[in-house]
Amino acid sequence: MPYPLLSDWFKKTARDYGVLNEENQTAKRSVFLVDKEGILRYKNTEFDANDRNQYLDVFSHCKHLCV
């Protein structure tokens, strides 16, 4: 992917973004796009990896942010 992705080994970001299930230490499948100024521009905390339209939506937002 031509966009930076975040690895959250210690789950700090998942906690900060409110998507960590503390009981089993897993994060809800989520997508967050943050612009160059650090402003959250897009979030989907119910991302369905089986839904092609959700990928298209994320890519559309990425394209818009990179303009």
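To be clear, the structure that these remarks concern was listed above.
My aim in this report is to walk through the structure given alongside it, one point at a time.

Cut-off values and rules
Residues numbered from 1 in each chain as written. Predicted model: local features only at pLDDT ≥ 70, side-chain atom pairs only at ≥ 80, totals over all residues. Heavy atoms only, no water. Helix = DSSP H or I, 4+ residues; strand = E, 2+ residues; numbered from the N terminus. Buried < 20%, exposed > 50% of the residue type's maximum accessible area, 1.4 Å probe, protein only. Contact = heavy atoms within 4.5 Å. Areas by Shrake-Rupley, 256 points an atom, 1.4 Å probe, with all protein chains shown as cover. Lys, Arg positive; Asp, Glu negative; His and termini not counted. Charge placed at Lys NZ, Arg CZ, Asp CG, Glu CD. Patch = residues over 30% accessible without salt bridge, like charges linked within 9 Å, V, L, I, M, F, W, Y side chains within 5 Å. Salt bridge = Lys/Arg side-chain N within 4 Å of Asp/Glu carboxyl O.

### What about the overall build of the chain?
Consideration 1: Of the regular secondary structure elements, the chain holds 2 helices and 4 strands.
Consideration 2: For the chain, the sequential pattern of α-helices and β-strands runs α-β-β-β-β-α.
Consideration 3: Overall size of the chain, expressed as C-alpha extent along the three principal axes, is 40 × 30 × 20 Å.
Consideration 4: The buried share of the chain, reckoned over its 67 residues, is 18%.
Consideration 5: For the chain, restricting intrachain contacts to residue pairs at least 6 apart in sequence, the fraction spanning at least 24 positions comes to 19%.
Consideration 6: As displayed, the chain has an accessible area near 5700 Å², and 52% of this comes from carbon and sulfur atoms.
Consideration 7: Across the chain, 10 positive and 10 negative side-chain charges occur, with their mean positions spaced 4 Å apart.

### Quick notes on a nonpolar patch on the surface
Consideration 1: A cluster of nonpolar side chains, namely Y17, V34 and L40, defines an oily patch on the protein surface of about 240 Å² accessible area.
Consideration 2: L40 gets classed as partly exposed once you look at its relative accessible area, which sits at 37%.

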